[in-house]
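A look at the structure
Each chain is listed here by its residues.
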Amino acid sequence: MPTPFTFINAAMSIDGKISTRQRRQVRISGDVDFERMDELRASSDAVMVGIGTVLADDPSLTVKSDGRRSERLEKGLDENPVRIVVDSKARIPTDADIFMKGAGKRIIAVSESAAFDRVESLRENAMVIMVGGDQVDLSELLSILDEMGIHRLMVEGGAGLNWGLIKNGLVDEIYSFIGNLIIGGSTAPTLIDGDGFDEADIPACSLISAEKMEEGVLLKWKLKSA
Ligand SMILES: NC(=O)c1ccc[n+]([C@@H]2O[C@H](COP(=O)([O-])OP(=O)(O)OC[C@H]3O[C@@H](n4cnc5c(N)ncnc54)[C@H](O)[C@@H]3O)[C@@H](O)[C@H]2O)c1
Ligand SMILES: Nc1nc(=O)c(N)c(NC[C@H](O)[C@H](O)[C@H](O)COP(=O)(O)O)[nH]1
C-alpha cells in the first residue's frame, strides 16, 4: 500500500540528544534553522509528532510566517498543514496548543487500547483514526493518510515515534540540525530511541548534503531502503 513521502526533521546536540535527561526542551536550532523548519511545515501536507512531544513541549505545529500562511490560503489550502498526533492511549489534553492555536485539520491516531470516553472527547476537535491493538499501527496509519491525500508528511519527533517509523521502514529522508551545545545524560532522548536494531537489521543511509548553518551543521540523509 502506498505511503506518503515521509521525512523526519529534528534538531540535536553535538552528542545526539534532542532534549534534556528530564525531557525538557532545549533551544538547539538557530533562527535560520527555525525558518527552515517553518518552510518545511508550510510545504507539507501534514506534520506529525508523538504524544510524548505534546506532553513535553505542547507544540502548536503551526506555520509561523504570515507570508507562508497566505501563500497556502492562495493555493486553496488551510493555513496550516494537517496536524497529527500519534497517541495510542488518547492521553492528549483537550486544551493542548495543537487544538487551541491556528486553523486547520487535526488528526489524533489512537490504538484499540484507548479508553472509549477519552476517544469520544477528542472527536469535537479532531478526526480520530484508530489503528493497532496496543500501539498505533504506523504502517496502516500512513497508508490511510496517503489515501486521504496526504502525500508529503513531515515528522517532528520525538525519539520514540522516530524509532517506530524507522523500524517499520516508513521514513524516506532525515534532516537533522546539529547545534553547538552538549546536553549529555544517558537517559536524555536521542534522535532515534526505542529498542534499537540488531546488527543485521541496521538500515544503511546515503548522505544527501552537509551544510554549515550558523553555529551548527545541517545533515540530510536518504534511507536506502526507502
Ligand atoms: N529537538 C527536537 O527536534 C525535538 C523534536 C521533538 C521532540 N523532542 C523531544 O523529544 C521528547 C519526546 O520524545 P518521546 O520519545 O518521549 O515521545 P514521542 O513524541 O516520540 O512519542 C512517543 C509516543 O508515541 C506513541 N506511539 C504510538 N504508537 C507508536 C509506535 N508505533 N511507535 C512509537 N511510538 C508510538 C507512544 O505513546 C509513545 O510513547 C521530548 O523531550 C521533546 O522535547 C525534541
Ligand atoms: N527543530 C527544533 N529545534 C529545536 O531547537 C527544538 N527544541 C525543537 N523542538 C521540537 C518542538 O516540539 C517544537 O518544534 C517546538 O516546540 C516548536 O513549537 P511550535 O510548534 O512552533 O509551537 N525542534
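Residues numbered from 1 in each chain as written. Chains lettered and ligands numbered in written order. Predicted model: local features only at pLDDT ≥ 70, side-chain atom pairs only at ≥ 80, totals over all residues. Heavy atoms only, no water.

1. Comments concerning the pairing of strand E7 (residues 173-178)
Two faces make up the sheet, and in a regular strand the side chains alternate between them. Most of E7 sits inside the fold, with 5 of its 6 residues counted as buried. When E7 meets strand E9 (residues 216-223), the two strands line up antiparallel, connected through 6 bridges. Residue pairing for E9: Phe177 is matched across the bridge by Leu218. (Buried < 20%, exposed > 50% of the residue type's maximum accessible area, 1.4 Å probe, protein only. Helix = DSSP H or I, 4+ residues; strand = E, 2+ residues; numbered from the N terminus. Pairing = 2+ DSSP bridges.)

2. Some remarks on the sheet that holds strand E1 (residues 5-12)
Read across the open sheet, the 9 strands follow the order E5-E4-E3-E2-E6-E1-E7-E9-E8; overall the sheet is mixed. Strands at the two margins of the open sheet, each flanked by one partner only, are strand E5 (127-130) and strand E8 (205-213). In this sheet, neighbouring strand axes are inclined to one another by 20° on average, regardless of whether the strands run parallel or antiparallel. (Axes fitted to C-alpha atoms, helices over the stretch in contact; angles between N-to-C directions.)

3. Here we look at the site of ligand 2
Neighbouring residues of ligand 2: 16 residues in total, closest Val26, Ile28, Ser29, Leu61 and Lys64. Within the backbone of Leu61, an N or O atom sits 2.7 Å from an oxygen atom of ligand 2. The contact in question runs from an oxygen atom of ligand 2 to an N or O atom on the side chain of Lys64, over 2.7 Å. When ligand 2 sits alone it has 510 Å² of accessible area, and the protein chains cover 86% of it. (Near = heavy atom within 4 Å. Polar contact = N/O pair within 3.5 Å; in protein donor to acceptor, adjacent residues only side chain to side chain. Areas by Shrake-Rupley, 256 points an atom, 1.4 Å probe, with all protein chains shown as cover.)

4. What to know about the packing of aromatic side chains
Applying the stated criterion across every chain yields a total of 3 aromatic pairs. Ring geometry for Phe5 against Phe7: centres 6.1 Å apart, planes inclined by 40°, an arrangement best described as tilted. Taking 4.8 Å as the distance between ring centres and 65° as the angle between the ring planes, the aromatic pair formed by Trp163 and Phe197 counts as edge-to-face. Linking Trp163 in helix H7 (residues 159-167) with Phe197 in the loop between E7 and E8, this pair joins segments that are 34 residues apart in sequence. Cation over ring: Lys220 sits above Tyr175, and NZ or CZ is 5.2 Å from the ring centre. (Phe/Tyr/Trp six-rings, centres within 6.5 Å; stacked < 30°, edge-to-face > 60°. Lys NZ or Arg CZ within 6 Å of the ring centre and 35° of its normal.)

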